[in-house]
Amino acid sequence: MSVDTGPAATTRREPATASPPRRRRRNLTGLLFVLPFLLAYALFLGWPLVGGLISSLTDASLASGEARFVGLDNYAEAVGDPAVWQALWVTVKFTLLSTPLLVAVGLVMALLTNHLSPGRWLWRLAFFAPYVLPSTVVTMIFVWILQPDFGLADGLLAGLGIDADIGWLTEPNTAMVSVVLTTVWWTVGFNFLLYLAGLQAIPHHLYEAAELDGATWWDKLWRITLPMLRRTTGLVVVLQLLASLKIFDQFYLMTGGGPEHATRPVIQYMYQTGFTNFRIGYASAISYILFALILVVAVAQVRLFRPREEAS
Amino acid sequence: MTLHETDRRADPRPSGGRGDDTPPSPPPSRRRRFRPGALLLFVITALLAALWLLPLAWAFLTSVKPEAETTAIPLRWFPTEFTLDAYRTVLDGGHFWLWLFNSLLTATVVTVLVVVLCTMAAYGFSRTDFPGKRALFAITLVGIMVPPQVLIVPLFDQMVLLNMVDTYWGIILPQIVTPAMVFILKKFFDGIPRELEEAALMDGARRWRIYWQIILPLSRPVIAAVAIFTFITTWNNFLWPFIVSTDPQFMTLPVGLAAIESGYGLRFARVMASAVLAGLPLLVLFVLFQRQVVRGVAHTGLSGQ
Amino acid sequence: MTPRDRSRRLSRRALLGGALGLGSLGALGALGGCAPPRFSDGIPLRFWHLFAGGDGINMNQMLDAYRAAHPEVDLEAVTLAWGERYYTKLSMSGAGGRAPDVSALHLTRLPGYAPSGLIDPLRPDLLAEAGIREEDFPPELWRRSHHEGRLYAVPLDVHPYVLYYNVDVCERAGLLAPDGSLAPISGPDELRAAFAAAKEVTGHHGLVTETVGSDTIGPWRVFWTLYRQLDGHLLTPEGTGLAVDDDKVLRVLQYMRGLTDDGLAPREVDVNGAVSLFASGHAGFFIFGDWEVSTFLETGTPFSMARIPQVFDNANAQADAHVFVLPHRTDRTDEDHRRVYEFIAFLLSQSITWARGGHVPAYRPAQEDPEYLDLRPQSNYRSVADDVQLDPEVWFAGSASVMWLELGAVISAVFSGRTSPEQGVLGIRRVMEDLLDRPNPID
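Here is what the cut-offs are and how they apply
Sequence positions are assigned chain by chain, starting from 1 and proceeding in written order. In the order they appear in the text, chains get letters beginning with A and ligands get numbers beginning with 1. Since the coordinates come from a predicted model, pLDDT governs what is reported: local features require at least 70, and pairs of side-chain atoms require 80 or more to be given and counted, while whole-chain, interface and lining totals use all residues. Secondary structure elements are defined from DSSP: runs of H or I of at least 4 residues count as helices, runs of E of at least 2 residues count as strands, and each element is numbered from the N terminus. Residues with at least 20 neighbouring C-beta atoms inside 10 Å of their own are called buried, those with 12 or fewer are called exposed, and the rest are partly exposed, where every C-beta is derived from the backbone. Think of it this way: build a C-beta for each residue from its backbone, and any pair within 7 Å is a contact. Pairing between two strands is assigned when DSSP locates at least 2 bridges connecting them. Side-chain classes are defined by residue name, with Ala, Val, Leu, Ile, Met, Phe, Trp, Tyr, Cys and Pro counting as nonpolar, Asp, Glu, Lys and Arg as charged, and the others, Gly among them, as polar. Boundary definitions for the domains trace back to an automatic or database domain assignment. The quantity called pLDDT is the predictor's confidence in a given residue, expressed from 0 to 100. To obtain each axis, a line is fitted to C-alpha atoms, and for helices this fit is confined to the stretch in contact; angles are then taken between N-to-C directions over 0 to 180 degrees. Put simply, angles under 35 degrees are roughly parallel, angles over 145 are roughly antiparallel, angles from 65 to 115 are roughly perpendicular, and the rest are oblique. Crossing chirality is assigned from the near helix's rotation relative to the far helix, an anticlockwise turn below a right angle marking it left-handed and a clockwise turn marking it right-handed. What a helix is expected to span follows from its residue count: subtract one and scale by 1.5 Å. The angle separating two fitted axes, one through the seven residues that finish at a residue and one through the seven that start at it, defines the bend at that residue.

A.B. asks: What am I meant to see in the overall build of chain A here?
C.D. replies: Looking only at helices and strands, chain A features 13 helices and 0 strands. Counting from the amino terminus, chain A carries its helices and strands in the arrangement α-α-α-α-α-α-α-α-α-α-α-α-α. Looking at the 312 residues of chain A, the share that counts as buried comes to 47%. Summarising the internal contacts of chain A: among those between residues at least 6 apart in sequence, 70% fall at separations of at least 24.

What follows is the structure, given as structure tokens:
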């Protein structure tokens, strides 16, 4: 994969060639190098990972000290909890709506700017700048733009003669669309960069050969460019899927999960269960279910990409 | 293989196009005669770029309007009088400076700790041998699969136990565990030719000196990428700082703006002024270090998301 | 690379390095003390509240008065985002152990907090020293401030749902009494007729009230007002069993739905929309909490306020009360208690300022103060204080609680025409059954 071109590919593993006494000393030194990181890892990843698993088997509460062991009750409750399913459905809906847009827009941006060398830094600035902003800033701007009547969105529509009486953030479906559009504006720059990298990695002789055969611009796009970008697209889709499962900021900051929980993603339900309703045990169970889902996607990603990466 | 080549290879492709970077596939048609298609392409691109800049421009334009003009119908693009009143109110009142300080502090400490811990660990995994190395590296890799978002509930519980809720350490420490960075750095270190350090080892140099005097200087680009990416993600991180800081004294800028009622209500010039001010540090950073930021994100964002 | 390029890159790198260096220096300094920089050496007193808008302005005035009277105290007051978010942060800070010294709470949330250990009981002996006495508060509010015999809260106000009316519109619609106030309205049909007459005048709407929105709770408040006017209950008195009266619920929901179905009120309006419609004179009536008075005084809308009319069997109205509580801290000394009680007593003494925001003072001396009685329209509806209907006393009820959000969603769907009143009855039953089934996390 082009963006990941570390020098690794070319390195041969060389066996360590050291004399025995030196090696023993090195043993200790090597461990010292990795120890600080592993310590932090154990404390702030290992501990909560195990702690969460344990508390998911109890009725631990934010308020009271003691927790009782309840076995798999929390998991059983979660499977039967319509709110969990609704939150998952919100996530799925968000994914289905946002992924095609994020792929298509990112690709179009990359195709447009790939050969437009004058002002390339400007395009990059325009398309990628939103990505470096905090979610709070992005949502503040879009909540303002989507204000009824005097917001920019309604204002522009009014300029076109459309009296848009749209509850951008107050009606279930439009609220979802608003969050999706905000997300596209915010994060498409990342996909744009990936596609740009993918485009620049396509060997130029392919195009030259095609030109000799009299291929048109359109032919080249369909026969060379898009097929050569297939892996990038796969990557973008998987990353998007992973990001969607973990989504929280935009929904929480723009709609608060409303109306009627129609835009409440899993992380927010987990947050509310644990911290608003004090049910740490149950919230931990939900987080483990989510974790399992994310693992499935992540493992699928590895399965999808590993063999071909090694082959190339 | 020369050092220079190593260096350039570490550059991911998207950064091509700036002065000293050789574009990987120079289009031979660059000096061709004018084509109408190119103009159309340019216009479409420019329109799309304008559309993308519009929200930022609108935020800025709103922020320099007198409050009464922000809600004018039909909307008015430019203020009748340019005013910085909203900025003055935001900067004078509330916690703005404190939050800015907190953001700078936590993002910097996280970045420094990540760079130190991860380069050390990556070096250890790449260049040294010790019992259990394979297993420990495998555990590190497994960590990449654990999204920090799913750990917020047990992590908060842990912070309560460690008495770290509403402290800087509570914000910082859970953010320093970034196994993906170890992976990226190790991959890079693996590619640095061993002859160099073998020579140094012959001279009797210690592992620490090799790490410090050979590996780190050779890895500057990738370390810069890791550092910049870490800084941006930490600065922008919302969920964890939001969870662990309930006291506004400890909130970072993104969290404070969202959690604390500014009292501005529907006064949008002020809301947009605070948005502009909160976004500005990163936009400036981005414009100044565009190439490094892009490289950082493309290089590390993939596994670091 | 040309020399020029190099110098530019170097300077950038130097800048980055410098920034990092500076940041690390500051970092070490601040982390060493592990506290953000403070600029005052007074005795710290931290107060959290959720009062924004007009309430926020009044509260700030009261806090400034406190600061002037107590220069030795370094008061840090924080306004957090209202509602569920406020309560979440408050609980988390209580659990984290660095909670503020004193905070505001809705009285209806007390059953969810007092048993949890997330707030601390008050010390009656020290309260009395600060001059805070039982006889100065309405008995019902004082009773509800207790849990298992211990006092946990001091009430500041009662804030009922009320009826705002546009004086010009009502005058032209012939709805005013000779003294210029709203002529008495009673019964379901009279109220509808009044809305219809107002609609005639405005050409837009008779009534506006919140029907939709994210985390919408207005529909619940209207419902609870009317349902309590029929003496309906949701739960058995001890709060453990379901007591939903299907017929009464249906009657209320049908009445509410009739208002939107017949065009007397707009079908889909969120809070902000409703406020701006009434402010701009597009509606003759507005049913909402008493706290929006500041907005309309500011916009100059010709308006006044009254109790919500008796539609059914009595003149009950939904309400809640703001109270002061002590978030849980392990290290509270007698001195800390005293300072907080003095602070609370001081704010109670400023109740008239608070009442300007529309709230009926809970503090008796303020209720009878001529200055309050002269406050119009804020004192017009003070009699409602005797008929206010707070939530059932259970852990899942109260302002911005799960119960409000979930019932709010069900009732909003009926009110705005997305589901039928019959389905609404089932929805309310389902929500209440589900809430009763949930394990109480604070037991």
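Let us keep going from here.
A.B. asks: Please clarify how the overall build of chain C should be interpreted in this entry.
C.D. replies: A tally of regular secondary structure across chain C gives 18 helices and 15 strands. Considered along the principal axes of its C-alpha atoms, chain C spans approximately 80 × 70 × 50 Å. Out of the 443 residues belonging to chain C, those deemed buried represent 52%. In chain C, 79% of the contacts between residues at least 6 apart in sequence involve partners at least 24 apart.

A.B. asks: Is there a simple way to think about the pairing of strand β10 (residues 283-289) of chain C in this case?
C.D. replies: Put simply, side chains in a regular strand alternate between the two faces of the sheet. Residue and element names in this part refer to chain C. With 7 of 7 residues buried, β10 lies mostly within the body of the structure. The pairing of strand β8 (residues 157-166) with β10 spans 5 bridges and is antiparallel. Within β10, the residue paired with Y161 across the bridge is G289.

A.B. asks: Quick question: what am I supposed to make of the interface of chain A and chain B here?
C.D. replies: The figure often quoted for interface size is the accessible area lost as the parts come together. Each side of the interface is counted separately: chain A has 94 residues, and chain B has 93 residues. Counting residues per element, the side of chain A that touches chain B draws most heavily on helix α1 (residues 20-55) of chain A, which supplies 21 residues. Residue composition of the side of chain A that touches chain B, grouped by class: 62 nonpolar, 23 polar and 9 charged.

A.B. asks: Is there a simple way to explain the interface of chain C and chain A in this structure?
C.D. replies: Contacts between chain C and chain A engage 22 residues on the former and 19 residues on the latter. When residues of the side of chain C that touches chain A are traced back to their parent elements, those giving at least two are α3 (84-96) and α17 (402-415) of chain C. Each residue belonging to the side of chain C that touches chain A can be placed in one class, and the counts come to 10 nonpolar, 8 polar and 4 charged.

A.B. asks: Honestly, the domain arrangement of chain C in this entry has me stumped. Any pointers?
C.D. replies: Residues and elements named next belong to chain C. Domain boundaries in chain C define domain 1 (43-156 + 321-349) and domain 2 (161-319 + 386-437). Contacts between the two partners involve 14 residues from domain 1, matched on the other side by 16 residues from domain 2. When contributions to the side of domain 1 that touches domain 2 are tallied by element, the ones reaching two or more residues are α2 (53-69), α3 and α4 (110-113). Broken down by element, the side of domain 1 that touches domain 2 gets its largest block of residues, 4 residues, from α2. When its residues are assigned to classes, the side of domain 1 that touches domain 2 shows 4 nonpolar, 6 polar and 4 charged.

A.B. asks: Quick question: what am I supposed to make of the environment of R220 of chain B here?
C.D. replies: Residue and element names in this part refer to chain B. Positionally, R220 belongs in helix α12 (residues 220-236). Accessibility expressed as a C-beta count within 10 Å gives 12 for R220, which makes it exposed. Here the alpha-carbon distance between R220 and E261, two residues 41 residues apart in the chain, equals 43 Å.

A.B. asks: Looking at this structure, how should I read the confidence of the model for chain A?
C.D. replies: Reading predicted coordinates in detail is not appropriate for stretches of low pLDDT. All names here are of chain A. Chain-level statistics for chain A give a pLDDT mean of 84 and a share of 88% at 70 or above. The secondary structure element of chain A with the lowest average pLDDT is helix α13 (residues 280-311), at 79, and the one with the highest is helix α2 (residues 73-79), at 94. This model gives residues 1-21 a pLDDT under 50, and the stretch forms 36 contacts once residues within four places in sequence are excluded. Considering only residues more than four positions removed or in separate chains, one finds that residues 307-312, a stretch of pLDDT under 50, has 1 contact.

A.B. asks: Whenever I open this one, the packing of helix α5 (residues 96-127) of chain B against helix α9 (residues 179-191) of chain B confuses me. Can you help?
C.D. replies: Relative placement of two packed helices is described by the angle separating their axes and the distance separating the axes. Residue and element names in this part refer to chain B. Relative orientation of the contacting elements α5 and α9 amounts to 50°, with a least axis distance of 8 Å. As far as their axial angle goes, α9 and α5 are oblique. By crossing handedness, the relation of α5 to α9 is classed as right-handed. Between α5 and α9, the residues in contact are V114, C118, T119, A121, A122, Y123, F125, S126 and R127 and M181, V182, L185, K186, F189 and D190, respectively. Across the contact of α5 with α9, the residue classes tally to 10 nonpolar, 2 polar and 3 charged.

A.B. asks: Honestly, helix α7 (residues 172-200) of chain A in this entry has me stumped. Any pointers?
C.D. replies: Note: α-helices contain 3.6 residues per turn, so residues at a spacing of three or four share the same orientation. When the terminal C-alpha atoms of α7 of chain A are compared, their 41 Å separation across 29 residues agrees well with the 42 Å that a helix rising 1.5 Å per residue should span. Taken as a whole, α7 of chain A carries its principal kink of about 45° at T187 of chain A.

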